[in-house]
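Survey of secondary and tertiary structure
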Amino acid sequence: MNRGIVTALSAIGIAQGLKVFTNKKLTGKWDWRPLLQTGGMPSSHSAGVASLAAYVAANRGTRHIETALAVVFGSIVMYDAQGVRRHTGEIARLVNELEDHFEVISGDYPSLEYTKRDKELKELLGHQPIEVLGGAIFGIIFGTVIARVEDRKMSKLEEAQEDWG
């Protein structure tokens, strides 16, 4: 079993679960939809890549190529989550608002022939920088803790083998 993958996927799952609680704090209402939605606090993308990078660094060291790969690709994912994806969501919000205005205007001008779409564009796609930072901090702590727990288990196993050997 690849513990790095398990660590990263676990961090993603826990971060998604935490979104229910942060959403409750913001809205005052319990809502389970954030479990399956993008965006929100903390960023599960950031939590996943940061936990993998921290886990690899703790096991291989900071000078190892695997650590470099995890950090560089993780940085790209986090930048994308708060940059391109967030701006895409903002554009979707503006398009949805524009469509609402067209609907009002078309009522005054029947020749405009406007047909409303069945579904609005999804607006919550990316993350605010603070959400990315929250996910990254959680991921770094989570990945480091998992690596340390694993190290302790291995040390105890090695001690037990020496005692038997």
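As a reminder, the structure under discussion sits directly above these lines.
A brief report on the enclosed structure follows. Model, not experiment: these values are computed from the prediction. (Residues numbered from 1 in each chain as written. Predicted model: local features only at pLDDT ≥ 70, side-chain atom pairs only at ≥ 80, totals over all residues. Heavy atoms only, no water.)

**Remarks on the packing of aromatic side chains**
The test is simple: Pairing of aromatic rings covers Phe, Tyr and the six-membered ring of Trp, with a centre-to-centre limit of 6.5 Å; geometry is then stacked below 30 degrees between planes, edge-to-face above 60, and tilted otherwise. The way it works is that DSSP assigns letters per residue, a run of H or I at least four long becomes a helix, a run of E at least two long becomes a strand, and they are numbered from the N terminus.
All told, the structure shown has three aromatic pairs when counted by the stated rule. Each ring, one from Phe-21 and one from Trp-30, has its centre 5.6 Å from the other, and the planes form 85°; the classification is edge-to-face. Measuring from centroid to centroid gives 5.7 Å for Phe-138 and Phe-142, while their planes differ by 25°, and the two rings are stacked. In this pair, Phe-138 and Phe-142 both sit in helix H5 (residues 129-164), four residues apart, roughly one turn of the helix. The structure contains a cluster of three or more aromatic residues connected by ring pairs, namely Phe-21, Trp-30 and Trp-32.

**Some words on the nonpolar core**
Here is the rule: Nonpolar cores are built from buried Ala, Val, Leu, Ile, Met, Phe, Trp, Tyr and Cys residues. Side-chain atoms within 4.5 Å join them into one set. Partly exposed residues are those whose accessible area sits between 20% and 50% of the maximum for their type, while under 20% is buried and over 50% is exposed, using a 1.4 Å probe and protein chains only. Residue contacts are defined here by distance: any two heavy atoms, one from each residue, within 4.5 Å place the two residues in contact.
The biggest cluster of nonpolar side chains holds six residues, and these are Val-49, Ala-50, Met-78, Ala-81, Val-132 and Ala-136. Mapped by element, the contributors of at least two residues to this core are helix H2 (44-60), helix H3 (65-82) and H5. With sequence-adjacent residues up to four places away left out, Ala-136 is seen in contact with Ser-46, Ala-47, Ala-50 and Met-78.

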